[in-house]
Amino acid sequence: MAPKNNTTTRVVLDIKNKISREDYKIIRSKNRKAIIIEIKNKKAKQTDKSKSVKEVVLPEKYTKEKTGSAPGLCTVVIDPGHGGKDPGATGYQKTREKDVCLSLGLKLKKLINSKKGYKAILTRNSDIFLSLDDRGAIANENNADIFISLHANSHEDTRITGIETYYLSFASDEDARKVAARENFTTASKISDLEMIFFDLLQNNKINQSSILAGHVHNAMVSKISDKYHEKIRNLGIKHAPMRVLINTEMPCILIETAFISNPKEAKQLKSLAFQNTLAASIFNGIENFRSARETAFNKTAP
Ligand SMILES: [Zn+2]
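Figured I'd write up the structure that's included with this text.

Quick notes on the rules
- Residues numbered from 1 in each chain as written.
- Predicted model: local features only at pLDDT ≥ 70, side-chain atom pairs only at ≥ 80, totals over all residues.
- Heavy atoms only, no water.
- Helix = DSSP H or I, 4+ residues; strand = E, 2+ residues; numbered from the N terminus.
- Buried < 20%, exposed > 50% of the residue type's maximum accessible area, 1.4 Å probe, protein only.
- Contact = heavy atoms within 4.5 Å.
- Areas by Shrake-Rupley, 256 points an atom, 1.4 Å probe, with all protein chains shown as cover.
- Polar contact = N/O pair within 3.5 Å; in protein donor to acceptor, adjacent residues only side chain to side chain.
- Donors = N, O, S within 2.8 Å, 3.2 Å for Na, K, Ca; no water.
- Expected span 1.5 Å × (residues − 1).
- Pairing = 2+ DSSP bridges.
- Axes fitted to C-alpha atoms, helices over the stretch in contact; angles between N-to-C directions.
- Salt bridge = Lys/Arg side-chain N within 4 Å of Asp/Glu carboxyl O.
- Phe/Tyr/Trp six-rings, centres within 6.5 Å; stacked < 30°, edge-to-face > 60°.
- Lys NZ or Arg CZ within 6 Å of the ring centre and 35° of its normal.

### Thoughts on the overall build of the protein chain
And then number 1: Counting secondary structure elements, the protein chain contains 11 helices and 10 strands.
And then number 2: Within the span of the protein chain, comprising 303 residues, buried residues form 45% of the whole.
And then number 3: Considering only intrachain contacts with a sequence separation of at least 6, the fraction spanning at least 24 residues in the protein chain is 77%.
And then number 4: Total accessible area computed for the protein chain in this model is approximately 16400 Å², and 51% of it derives from carbon and sulfur atoms.

### Digging into the environment of S226
And then number 1: On the secondary structure map, S226 appears in helix 8 (residues 204-229).
And then number 2: With residues up to four places along the chain from it excluded, the contact list for S226 reads E231, K232 and I233.
And then number 3: A polar side-chain atom of S226 sits 2.7 Å from the main-chain carbonyl oxygen of V222.

### Details of the coordination of the zinc ion
And then number 1: Taken together, the protein donors to the zinc ion comprise H82 (NE2), E97 (OE), H151 (ND1), E183 (OE) and E183 (OE), at separations of 2.0 to 2.4 Å.
And then number 2: Summarised as a motif, the one-chain spacing of the donors to the zinc ion is H-x14-E-x53-H-x31-E. Note that H82 is positioned in the loop between strand 5 (74-80) and helix 4 (97-113) and E97 in helix 4, a separation of 15 residues in sequence.
And then number 3: Residue H82 is classed as buried on the basis of its relative accessible area of 5%.
And then number 4: Classification of E97 as buried rests on a relative accessible area of 1%.

### Notes on helix 4
And then number 1: In a regular helix each residue adds 1.5 Å, so 17 residues correspond to 24 Å; helix 4 covers 24 Å between its end C-alpha atoms and thus fits that length.
And then number 2: Among all positions in helix 4, only E97, K98, V100, C101, L102, L104, G105, L108 and I112 are buried.

### Brief notes about the sheet that holds strand 6 (residues 118-122)
And then number 1: Read from one edge of the open sheet, 6 strands run 6-5-7-10-8-9, paired in mixed fashion. Edge strands, defined here as strands with exactly one partner in the open sheet, are strand 6 and strand 9 (235-241). Ignoring strand direction, the axes of neighbouring strands in this sheet form an average angle of 25 degrees.
And then number 2: Of the pairings in the sheet, the one linking strand 5 to strand 7 (residues 146-153) comprises 5 bridges and is parallel in character. Looking across to strand 7, one finds that V77 is bridged to F147.
And then number 3: Set on the sheet, helix 10 (residues 264-271) makes contact with strand 7 and strand 10 (253-260); between it and strand 10 the angle comes to about 120 degrees.

### Regarding the pattern of salt bridges
Should the charged atoms of two oppositely charged side chains come close, the side chains can pair.
And then number 1: All chains considered together, the criterion is met by 9 salt bridges.
And then number 2: The salt bridge partner of D133 is R244, with a shortest N-O separation of 3.0 Å. Placement of the pair is D133 in helix 5 (residues 132-141) and R244 in helix 9 (residues 244-247), with a sequence separation of 111 residues.
And then number 3: Judged by its relative accessible area of 30%, D133 falls in the partly exposed class.
And then number 4: With its nearest N and O atoms 3.9 Å apart, the salt bridge here joins E257 to R182. Separated by 75 residues along the polypeptide, E257 in strand 10 and R182 in helix 6 (residues 174-183) bring together distant segments of the chain.
And then number 5: By relative accessible area, which is 0% here, E257 ends up buried.
And then number 6: In the salt-bridge network here, residues are joined through shared partners; they are R182, E183 and E257.

### Overview of the packing of aromatic side chains
And then number 1: The full count for this structure, using the stated rule, is 1 aromatic pair.
And then number 2: Pairing Y118 with F284 gives two aromatic rings, centres 4.9 Å apart and planes at 75 degrees, and the pair type is edge-to-face. Of this pair, Y118 sits in strand 6 while F284 sits in helix 11 (residues 273-301), and the two are 166 residues apart along the sequence.
And then number 3: By relative accessible area, which is 3% here, F284 ends up buried.
And then number 4: For K85, the ring lying beneath its charged end belongs to F129, and the centroid distance is 4.4 Å.
And then number 5: Directly above the ring of Y118 sits R291, whose terminal nitrogen or CZ lies 4.8 Å from the centroid.

So, in structure tokens, the structure goes:
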């Protein structure tokens, strides 16, 4: 690949086999920042018409079949965001995101492990640093069925409050892009959508399931917290963004921005054990609803 002049880049592909025009497709990404060149693999064509070169060039981790944990057992990997040298966002009265996430994660783990048919594993159970890719790797190694990354939101305007739940896809809006930039330790302009394109092509099922999981967990949190605290919490909705921690994770996965640590009232709530218990219970309700909805859908389609 090389720039030809100021406005044109020339891309040359060396291909062993002869191909004709109907053997390749050029697709432009939605945000117009990337193109995908998809070439049919003629050798694979004889056995499986749908196979194409994209499956050959991608690393195995992108194409591996997800097997899940033991039948009947639902393994949930809980990922308390940040830790160690990375405090995450620092909010009202120096409340640190890494501390509230760990405390909530420990509660959620205990709750899930007390339920029949469930097993919970934490990516970290102490104040240690883990890379974003390591967190997903822990979920993959444990054949998790569900991955949940716990975070707290932050905004320069300390009046802003609310709860939002993310699944992996292109950024749904400018705010989502900013949140992803902060959680990915990068700038909004550097969020690479290229990797996402592969996921769009290959992991549609993971993304669909993740959006459904996000819906169940988010709705359970909003309704339970509103009930318990007799007030409407600001529902910022279900969003999507290229969250690094969700990219290599092979199962339905979401990231929750539980509340704004930058807001005095919500920072206090995040530290309170009662609020953490309510959050943990509602996240578990959401997981239960997701599972039973999936079972119903499976039974409907089964012969
Ligand atoms: Zn975070």
